[in-house]
Every structure is written in C-alpha cells, then in structure tokens.
Amino acid sequence: MAFDTFDAGVAPGGLRSKNEIKILICYLFASVNDKMSQSLVVEAIRADELANFFEIVVAFEELLHDGNLRASDIVDNEQTYELTDNGRVIARQLETTLAHTVKQKSYNCALRLLGERKTARENFVDIQKTDNGFLVNCRVSGGDVTLLDFTLYAPSFEQAEVLKRNFLSYPQTVYKTMLGLMTKDIENVGEALEEVYGVASKNQI
C-alpha cells in the first residue's frame with residue numbers, strides 16, 4: 001500500500017497508509033469483540049507508535065461516516081462504537097494485509113485499557129488534600145457490596161498517586177491480603193503477595 005499519511009511519531013514498522021489504519025481499527029473491534037470508545041482505540045494504536053495520532057482520528061471518523069462503524073452505548077460518559085456488517089467484512093477479508101506484530105501490539109493494548117477502565121469503574125480511589133498531606137481513600141467493590149473500604153496517608157501528591165495506581169492495579173489482591181491478615185490465613189497472604197511480585201518481576205524482564 002502507498003504511503004499517504006503523516007508519519008510524525010510513527011515507529012519503524014508502523015502504519016503509513018490510510019487504508020491500513022482503517023483495517024487495523026476494524027480488526028481491533030472484531031478481535032476484541034467489545035464496544036470501545038474512540039479515545040481507547042486511538043490510545044491502543046498510539047501506545048506503541050503504530051500510527052500518527054491525527055491519521056488515526058481521521059480514519060476513525062471516515063469509518064463512521066462510511067457506515068463501517070456505528071455509535072453504541074455511553075460508558076463512563078464516553079460514546080462507544082461497534083462494527084457494522086460492512087466493517088466486519090473489512091476486518092475478515094483484509095486483516096491479513098497487516099503485520100502480525102502490529103495487530104498483536106494494538107490488540108494487547110486495547111485489552112489492557114479495557115481492563116483498566118473496568119477496574120477503575122468497579123473500584124473507587126479518591127485523593128483528598130489535607131493540611132498535612134493527602135488521604136487516599138480506597139474501596140473494593142463486589143458488585144452491589146463493598147468488600148473493603150480504607151484510607152491511607154501520603155505525605156506528597158506523588159506518593160498518593162503511586163498508592164492510587166498500585167491499588168487500581170491489584171484491587172482484588174489488596175482485599176485478599178487484608179482478609180488473609182485479619183483471619184490469620186498465612187497461605188492466602190502468601191498467594192496474594194506472590195501475585196503482586198510475580199507480575200512485577202515479569203514487567204521488569
């Protein structure tokens with residue numbers, strides 16, 4: 001395919017064709033098989049510098065205009081979209097034209113972003129400024145039931161942000177650890193800590 005897009009911020013091996021970007025967007029919707037917002041799709045493709053930001057937005061709008069995407073539900077105050085039958089044809093017939101690494105990177109990122117937003121939606125974190133620092137209020141949800149509600153002190157906003165980010169990364173593990181400590185279930189605590197440090201070790205590789 002001819003290079004007909006801006007390539008600013010695009011890594012080697014990234015997409016430089018408008019049609020390729022459209023195909024990748026359709027591929028993401030078909031593969032993830034979930035309703036996604038425009039911002040999530042753009043971020044999933046931009047995360048590994050697979051295409052130019054402006055070109056992704058234009059491609060998305062053109063797919064919507066041409067009837068390959070359609071508006072769906074409002075989730076977290078954002079409009080989500082889904083493929084039409086025409087969009088599924090594009091994904092099925094043309095996705096083989098894309099490099100495997102491009103598809104895999106964007107797919108993995110889309111799943112991660114969806115997971116993060118689901119976790120943030122189901123579990124609550126609030127940072128409250130005080131005269132002496134910051135209070136980080138955390139709540140673990142179990143559907144309609146609050147499983148755990150606690151507050152931690154942080155001397156700086158940066159540390160408060162670290163606490164918030166780490167809690168949202170492992171909300172169920174935090175609950176599992178606290179439950180194990182309170183019930184003196186050492187095995188449960190050990191498993192919970194292994195989950196955290198096991199993921200941390202993989203991320204460092």
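A brief look at the structure comes next. Keep in mind that this is a model prediction, so the values were computed, not measured. (Residues numbered from 1 in each chain as written. Predicted model: local features only at pLDDT ≥ 70, side-chain atom pairs only at ≥ 80, totals over all residues. Heavy atoms only, no water.)

With that settled, the discussion passes to the packing of aromatic side chains. With the rule as written, the count across this model stands at four aromatic pairs. Ring geometry for F60 and Y81: centres 5.2 Å apart, planes at 80°, overall edge-to-face. Taken as a pair, F60 in helix α3 (residues 53-65) and Y81 in strand β3 (residues 78-83) lie far apart in primary sequence, 21 residues in all. The pair F60 / Y81 is uniform in exposure class, with both members buried. A network of ring pairs unites the aromatic residues F29, F60 and Y81 as a single cluster. When the ring centre of Y27 is taken as reference, the NZ or CZ atom of K103 above it lies at 5.6 Å. (Phe/Tyr/Trp six-rings, centres within 6.5 Å; stacked < 30°, edge-to-face > 60°. Helix = DSSP H or I, 4+ residues; strand = E, 2+ residues; numbered from the N terminus. Buried < 20%, exposed > 50% of the residue type's maximum accessible area, 1.4 Å probe, protein only. Lys NZ or Arg CZ within 6 Å of the ring centre and 35° of its normal.)

By size, the foremost hydrophobic cluster in this structure holds 32 residues, and its most contacted members are I25, F29, M36, V41 and I45. At the level of secondary structure, the elements contributing two or more residues to this core comprise α1 (18-32), α2 (38-46), α3, β3 and α5 (100-122). At nine residues, the largest contribution of residues to this core is made by α1. Among all residues touching M36, those that are not within four sequence positions of it are L28, F29, V41, Q79, T80, Y81, A110 and L114. (Core = buried A, V, L, I, M, F, W, Y, C linked by side-chain atoms within 4.5 Å. Contact = heavy atoms within 4.5 Å.)

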